[in-house]
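# Chains, contacts and geometry: an overview
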Amino acid sequence: METYTPVCVWYEGSTLVIKTYKSGNTYYSGRVESKALYGYGTYSFTANMPNGRGLLPAVWAAYLSPWLPEFDAAEIVGQNPNTVYQTFHDPNNAQAQFSKTNSAGWTNAYHTYSFTWWPDHIDFAVDGTITGTKWYTTAPGVGMHFIVNTAVGGDWPGNPDSSTWATADGARYLKVSSITYTPYYP
């Protein structure tokens, strides 16, 4: 449901900020992706994810041409802030998903979400603790773009409602203080 626009993306010091809000009947948000492709190694995002019904903030990577494979370092369904999902999508969109719960919630606080992509598998982690491993071999020449965004609506998070925007300024913010890539050299 979102309309991605550059005005919803900026830096506050070294922190990347994506604002998501509703104006009239339109939902505005931002999306950032790297131009470069990266190979095997550790992809890490230190992010403060927003909550709110119908929001799906995510930090992830994908090939993009074609779309898959895709490795989601973190996705949070906005109305379920106590669970973070990490998902592997192969080129046919077969999925393996891992989740981790936190009774204090994953939103509105910084956590580090990562995956390490090896030649024969992917390890997913939250705050340095492995949450799952997917054994998988990638086709030659595949690389990943880093991607950060907040989606609005859709089958998984459902639609937002008035509670989504019940903040002091009627907006939600995804903040990323660090994105790093540590290459793997076999």
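Residues numbered from 1 in each chain as written. Predicted model: local features only at pLDDT ≥ 70, side-chain atom pairs only at ≥ 80, totals over all residues. Heavy atoms only, no water.

## Describing the overall build of the protein chain
Counting its regular elements, the protein chain contains zero helices and 15 strands. Its C-alpha atoms give the protein chain a radius of gyration of 16 Å, near enough to 16 Å, the size a compact globule of 186 residues would have. In terms of its C-alpha atoms, the protein chain occupies a principal-axis envelope of roughly 50 × 35 × 35 Å. Looking at the protein chain as a whole, 51% of its 186 residues qualify as buried. Put simply, the protein chain shows about 8,600 Å² of open surface, and 50% of that area lies on carbon and sulfur atoms. Taken as two groups, the 9 positive and 13 negative side-chain charges of the protein chain have centres that lie 7 Å from each other. (Helix = DSSP H or I, 4+ residues; strand = E, 2+ residues; numbered from the N terminus. Rg over C-alpha atoms; globule rule 2.2 N^0.38 Å. Buried < 20%, exposed > 50% of the residue type's maximum accessible area, 1.4 Å probe, protein only. Areas by Shrake-Rupley, 256 points an atom, 1.4 Å probe, with all protein chains shown as cover. Lys, Arg positive; Asp, Glu negative; His and termini not counted. Charge placed at Lys NZ, Arg CZ, Asp CG, Glu CD.)

## Looking at the sheet that holds strand β10 (residues 95-101)
Ordered in space as β5-β14-β7-β8-β9-β10, the six strands form an open sheet in which the pairing is antiparallel. The sheet is open, and its two edges are formed by β5 (31-33) and β10, each paired on a single side. With strand direction ignored, the average angle separating the axes of adjacent strands in the sheet is 15°. Across three bridges, the pairing between β5 and strand β14 (residues 145-152) is antiparallel. When the bridges of β14 are listed, V32 appears paired with V148. (Pairing = 2+ DSSP bridges. Axes fitted to C-alpha atoms, helices over the stretch in contact; angles between N-to-C directions.)

## Digging into the pattern of salt bridges
Enumeration over the complete set of coordinates arrives at two salt bridges. Where R31 meets E33, a salt bridge forms, and the shortest distance between an N and an O atom there is 2.7 Å. Using a relative accessible area of 39% as the deciding quantity, one classes E33 as partly exposed. When the shortest N-O distance is used, the salt bridge between R53 and D161 registers 3.5 Å. Taken together, the residues R53 in the loop between β6 (41-48) and β7 (55-62) and D161 in the loop between β14 and β15 (171-183) connect sequence positions 108 residues apart. A relative accessible area of 32% means that D161 is categorised as partly exposed. (Salt bridge = Lys/Arg side-chain N within 4 Å of Asp/Glu carboxyl O.)

## Details of unusual backbone geometry
One can expect most non-glycine residues to show negative phi and most peptide bonds to be in trans. Note the cis peptide between S65 and P66, where omega equals 0°. Mapped onto the secondary structure, P66 falls in the loop between β7 and β8 (70-75). Note that the residue after L68, namely P69, is joined by a cis bond; omega there is 15°. With phi around 65°, N93 is a residue other than glycine that occupies positive phi space.

## Some remarks on the nonpolar core
With 31 residues, the main nonpolar core has M49, V59, Y113, F115, W117, I122 and V148 as its most contacted residues. For V148, the residues in contact, after removing those within four places along its chain, are L16, I18, G30, R31, V32, F45, A58, V59, L174, V176 and I179. (Core = buried A, V, L, I, M, F, W, Y, C linked by side-chain atoms within 4.5 Å. Contact = heavy atoms within 4.5 Å.)

## Points about the environment of K100
You can see K100 is positioned in strand β10. With relative accessibility at 29%, the residue K100 sits in the partly exposed group. With 14 residues separating them along the chain, K100 and S114 place their C-alpha atoms 13 Å apart. Beyond its immediate stretch of four places on either side in the chain, K100 contacts N82, T83, V84, W106, V126, T129 and T131.

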